[in-house]
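Below, each chain spelled out in residue letters.
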Amino acid sequence: MPVEEEIFSQPKELSRVLEFVSESKAHVLIHEKLRDADEMLFIGCGSSYYIGITAARYFTGKLGVKTTALPAGEFLLSADWNLAKSGNKVAFLISRSGSTSEVVRACEALSKMHVFTIGITLEEKSQLAREAELSMIIPIKEESIVMTKSFSSITLFLLTLAEFLSGKTDLLPFKELINVIEESFPAWQKEAQNLSKQGTHYVFLGTGPYEGIARESALKLQEMSLTTTESYSTLEYRHGPEALVEPGVVVVIYGDGEHEQALAQEIEGLGGRAVVRPRFLENYEDSFIQVIFAQLLGLEIAKKKGIDVENPRNLTKVVRLDG
Ligand code: F1P
């Protein structure tokens, strides 16, 4: 059962990512290429795009730099409508497989525009690794179609890169967060089991880097358990989508500040079920572990519905365009 094993192997795999960060020159090599950048682009598809949203917000928050996260398909269909002509840009192209057509084509298009390209992938021999001017191969393998440990691993790599660029090389806070996963698995699993019985429709909300986590959470439930989901920037939920709240709607809110608590109360008052997920650290360093709860929830809903998570409907491990 690769999906379940891969979800539960995250503490071990994430520790391996931290070893890679401290032993390799990855961050130093990237640092050299970012010196003159006015804007950093984070580009990917599906889960890898949501890693991009999380990373872009984190880089802006930690470094004060301009960032833009884009689905790679925007390059193919509407590049001129997304990118300003001015400014010195560096692009991170994120793809587990390194073979997703839109990402590879975005990489080619950016090189032609003289934007420096950095490929982040698990596959050394992929097209992305060959096309990008600098490639970082994250040393983990993932068998499943659905991205779980690759999401948290690539996210962790990028969060630690932002820390490194801000002058912080201490990985201890991240090591401690990895320990939190191990300790929390039983409680998270129990909560996921309970919640899997309560909803027919799930919504995920997050702000800042957590918005990327909310988007990925919604995708995980769709892919793993064929569930109807939505995701929004937290307070956007009050601007229309809340109309759908009724019994059977479960809203998971990442972050537990005053506004999140008030929103949760409001949702419960409307007959929905709201779950506030607490922060483990103040400044979104825990984004890479927050997503694990949604992976467990997807698994539990799939079990309940008798859905095979190893063979997600209408999904392939690599999505390619013809021609
Ligand atoms: C991204 C992606 C995944 C999705 C599925 C197909 O692939 O769209 O988000 O879950 O596995 O591929 P990649 O570009 O990261 O390889």
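A. Here's a closer look at the side chain of S225. Mapped onto the fold, S225 is located in helix α10 (residues 209-225). What makes S225 buried here is its relative accessible area of 0%. Residues contacting S225, with those up to four places away along its chain left out, are K220, G298, I301, A302, K305 and I307.

B. Examining the site of the ligand more closely. If you check the shell around the ligand, you find 15 residues, and the closest are S48, S95, R96, S97 and T100. Side-chain polar atom of S95 to an oxygen atom of the ligand: 2.7 Å apart, as the coordinates give it. Side-chain polar atom of T100 to an oxygen atom of the ligand: 2.5 Å apart, as the coordinates give it. The class makeup of the residues in the shell around the ligand is 5 nonpolar, 7 polar and 3 charged.

C. Structural detail: the pattern of salt bridges. Under the criterion given, the structure shown has 17 salt bridges. Notably, a salt bridge pairs E13 with K149, separated by 2.6 Å at the nearest N-O pair. Here E13, found in helix α2 (residues 10-23), pairs with K149, found in helix α8 (residues 149-165); they are 136 residues apart in sequence, far enough to count as distant. Of the two residues examined, E13 and K149, each falls in the buried class. Between R215 and E211 there is a salt bridge; the shortest N-O distance is 4.0 Å. Taken as a pair, R215 and E211 lie in helix α10 at a separation of 4 residues, close to a single helical turn. Of the residues examined, R215 reaches a relative accessible area of 24% and is grouped as partly exposed.

D. Quick look at the packing of aromatic side chains. For the structure shown, the criterion picks out 12 aromatic pairs. Pairing W188 with F280 gives two aromatic rings, centres 6.2 Å apart and planes at 55°, and the pair type is tilted. Residue W188 is located in helix α9 (residues 172-196), and its partner F280 is located in the loop between β9 (273-277) and α12 (287-305); the two are separated by 92 residues in the primary sequence. Assessed through its relative accessible area of 6%, W188 is described here as buried.

E. Geometry of a nonpolar patch on the surface. Nonpolar side chains collect at one region of the surface, where L76, L77 and L321 lie side by side and expose about 290 Å² of accessible area between them. Tracing the chain through its elements places L77 in helix α5 (residues 73-78).

F. Examining α10 more closely. Relative to the 24 Å expected for 17 residues at 1.5 Å per residue, α10 spans 25 Å between its end C-alpha atoms, a close match to the ideal helical length. Within α10, 15 of the 17 residues are buried, which leaves it mostly tucked inside the rest of the structure. Among the residues trailing α10, L226 stands out with phi positive, at a value near 50°.

G. Up close: the sheet that holds strand β8 (residues 249-254). If you trace the 4 strands from one edge of the open sheet to the other, you get β7-β6-β8-β9, paired in parallel fashion. The outermost strands of the open sheet, each flanked by one partner alone, are β7 (228-233) and β9. Taken pair by pair, the neighbouring strands of this sheet meet at an average axis angle of 20°, ignoring direction. The pairing of strand β6 (residues 201-206) with β7 spans 6 bridges and is classified as parallel. In the sheet register, L205 faces β7, and the bridge partner there is Y232. Most of the contacts of helix α11 (residues 258-269) go to β9, to which it runs at about 165°, and overall it touches β6, β8 and β9.

H. A look at the environment of S101. Topologically, S101 is positioned in helix α6 (residues 101-112). Residue class for S101 comes out buried when judged on its relative accessible area of 11%. On a C-alpha basis, the gap between S101 and E131 in space is 12 Å, while along the polypeptide they are 30 residues apart. The residues touching S101, leaving out its near neighbours within four places in the chain, are V319, R320 and L321.

I. Spatial organisation of the nonpolar core. Core analysis: the biggest nonpolar cluster contains 79 residues, and F92, F157, L158 and F204 have the highest contact counts within it. It is α12 that provides the largest number of residues to this core, a total of 11 residues. If we ignore the near neighbours within four places in the chain, the residues touching L158 are I51, A55, F59, F92, I94 and I120. Counting 15 residues, the second-largest nonpolar core is a separate cluster that includes L83, L93, A106 and L128.

J. The arrangement of α9 in detail. Between the first and last C-alpha of α9 there are 34 Å, a value that for 25 residues agrees with the 36 Å anticipated at 1.5 Å per step. In the structure, α9 departs most strongly from a straight axis at S184, where the bend amounts to approximately 55° and where the proline P186 lies between one and four residues downstream. Within the sequence span of α9, burial applies to F174, L177, I178, V180, I181, S184, F185, W188, A192, L195 and S196.

Parameters at a glance
Residues numbered from 1 in each chain as written. Predicted model: local features only at pLDDT ≥ 70, side-chain atom pairs only at ≥ 80, totals over all residues. Heavy atoms only, no water. Helix = DSSP H or I, 4+ residues; strand = E, 2+ residues; numbered from the N terminus. Buried < 20%, exposed > 50% of the residue type's maximum accessible area, 1.4 Å probe, protein only. Contact = heavy atoms within 4.5 Å. Near = heavy atom within 4 Å. Polar contact = N/O pair within 3.5 Å; in protein donor to acceptor, adjacent residues only side chain to side chain. Nonpolar A, V, L, I, M, F, W, Y, C, P; charged D, E, K, R; others polar. Salt bridge = Lys/Arg side-chain N within 4 Å of Asp/Glu carboxyl O. Phe/Tyr/Trp six-rings, centres within 6.5 Å; stacked < 30°, edge-to-face > 60°. Patch = residues over 30% accessible without salt bridge, like charges linked within 9 Å, V, L, I, M, F, W, Y side chains within 5 Å. Areas by Shrake-Rupley, 256 points an atom, 1.4 Å probe, with all protein chains shown as cover. Expected span 1.5 Å × (residues − 1). Pairing = 2+ DSSP bridges. Axes fitted to C-alpha atoms, helices over the stretch in contact; angles between N-to-C directions. Core = buried A, V, L, I, M, F, W, Y, C linked by side-chain atoms within 4.5 Å. Bend = angle between axes of the 7 residues up to and from the residue.

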